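# Geometric and topological summary
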Amino acid sequence: MLIAGILTELTETITGWIGSYGLYAVFALMLIDAVLPAASEVVMVYAGAVAAGAFSGQTVTFAGFEFGEGASAYVAMALAGTIGYLLGAIGGWWIGMRGGRTFLEHNGKWLHLDATKLDRAEVWFERFGDRAVLIGRVTPVVRSFISVPAGVFKAPLGRYVVLTAIGSAAWCFAFAGAGWAAGASWETFHDRFKIVDYAVAAAVVAGVAFIVWKLVRRHGNSTA
């Protein structure tokens, strides 16, 4: 009950920000989500619903220009999320590249990255290479913990930016589209997606555990 209450309060806070600040809030929240989990699914689904004109008094504006309800507002919201996330991801990469693994092992608590998470990220990158960035960007839970490790493990910046842009755009346009289609019923989609979120997270944890087991077993056989 406590967790449910916290999640409800968080959702209300996020939607309140988007309702008040529109594109600016979407940009800022997605920028943060590139490094720290900021409920990007809620952000983009609700942004799509706002773009559809589902809530009275909530419009999509930028620098004094008001987008009309529908396609233009939807694209504006999705782009705000995509660009915000991309810039945040570049910032996370820079933190990882400059700080290195040792720095993060000592200070990673501020970024919710401890030695265990870095070990998992290293296995992820060893297994998938550049694809780890793209796969991570469209995977719930994992997507917020890719940016900094990508810098730690020196993912080439050019390819990193391209793959992040693709994954971020896919995420933002898809979820904003779902919110736009759902309109005022956006919360129904959000509640149903939680099940998928948990399932994917469990699958990712199981997959990483399997990969680690395989690597340990291979190392054991090679030293035998």
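Preceding this section is the structure that the text describes.
So, here is what we can say about the structure in this document.

How each quantity is defined
Residues numbered from 1 in each chain as written. Predicted model: local features only at pLDDT ≥ 70, side-chain atom pairs only at ≥ 80, totals over all residues. Heavy atoms only, no water. Helix = DSSP H or I, 4+ residues; strand = E, 2+ residues; numbered from the N terminus. Expected span 1.5 Å × (residues − 1). Buried < 20%, exposed > 50% of the residue type's maximum accessible area, 1.4 Å probe, protein only. Axes fitted to C-alpha atoms, helices over the stretch in contact; angles between N-to-C directions. Parallel < 35°, antiparallel > 145°, perpendicular 65-115°, else oblique. Left-handed = near helix turned anticlockwise from the far one by under 90°. Contact = heavy atoms within 4.5 Å. Nonpolar A, V, L, I, M, F, W, Y, C, P; charged D, E, K, R; others polar. Core = buried A, V, L, I, M, F, W, Y, C linked by side-chain atoms within 4.5 Å. Arc of directions from axis to C-beta. Phe/Tyr/Trp six-rings, centres within 6.5 Å; stacked < 30°, edge-to-face > 60°.

Our next topic: helix α3 (residues 40–51). Three or four residues apart is the spacing at which side chains of an α-helix point the same way, because the helix has 3.6 residues per turn. Helix length check: α3, at 12 residues, gives a terminal C-alpha distance of 16 Å against a target of 16 Å (1.5 Å per residue), a fit within 8%. With 12 of its 12 residues buried, α3 lies for the most part within the structure. Along α3, the residues that are buried comprise S40, E41, V42, V43, M44, V45, Y46, A47, G48, A49, V50 and A51. Of the residues flanking the end of α3, it is G53, one or two places downstream, whose phi is positive at about 75°.

Of note in this structure, K154 is not a glycine but carries a positive phi near 55°. On the accessibility criterion, K154 (60% relative accessible area) is exposed.

Where helix α2 (residues 23–33) meets α3, the closest approach of the two axes is 10 Å, and the angle between their N-to-C directions is 160°. Considering the angle they form, α2 stands roughly antiparallel to α3. The interaxial crossing formed by α2 with α3 has left-handed handedness. Where α2 approaches α3, its residues V26, L29, M30 and D33 are matched on the opposing element by S40, V43, M44 and A47. Here the contact of α2 with α3 is composed, by residue class, of 6 nonpolar, 1 polar and 1 charged.

On to the nonpolar core, then. With 47 residues, the main nonpolar core has I18, V26, M30, V43, M44, V60 and M77 as its most contacted residues. Those elements giving two or more residues to this core turn out to be α1 (2–21), α2, α3, α4 (71–107), α5 (115–128), α6 (131–137), α7 (147–152) and α8 (157–182). Considering every element that reaches this core, the biggest residue donor is α4, with 10 residues. In contact with V26, other than residues within four places in its own chain, are I18, V43, M44, A47, M77, A80 and G81.

Direction vectors running N to C along α3 and α8 enclose 50°, while the axes themselves pass 6 Å from each other. On the basis of their axis angle, the class for α3 and α8 is oblique. Every pair of crossing elements has a handedness; the one defined by α3 and α8 is right-handed. Taking contact as the criterion, the partners of S40, E41, M44, V45, G48, A49 and A51 in α3 are, on α8, W171, C172, F175, A176, G179 and W180. Counted by class, the contact of α3 with α8 contains 9 nonpolar, 3 polar and 1 charged residues.

This next bit is on α2. Within the sequence span of α2, burial applies to L23, A25, V26, L29, M30 and D33. For α2, the arc enclosing every buried residue in end-on projection is 160°, short of the 170-degree limit, so these residues lie on one face.

The next thing to look at is the packing of aromatic side chains. The geometry of an aromatic ring pair is captured by the separation of the ring centres together with the interplanar angle, meaning the angle of the planes. Under the definition given, this model contains 5 aromatic pairs. Ring pairing ties together the aromatic residues Y74, F173 and W180, which thus form one cluster.

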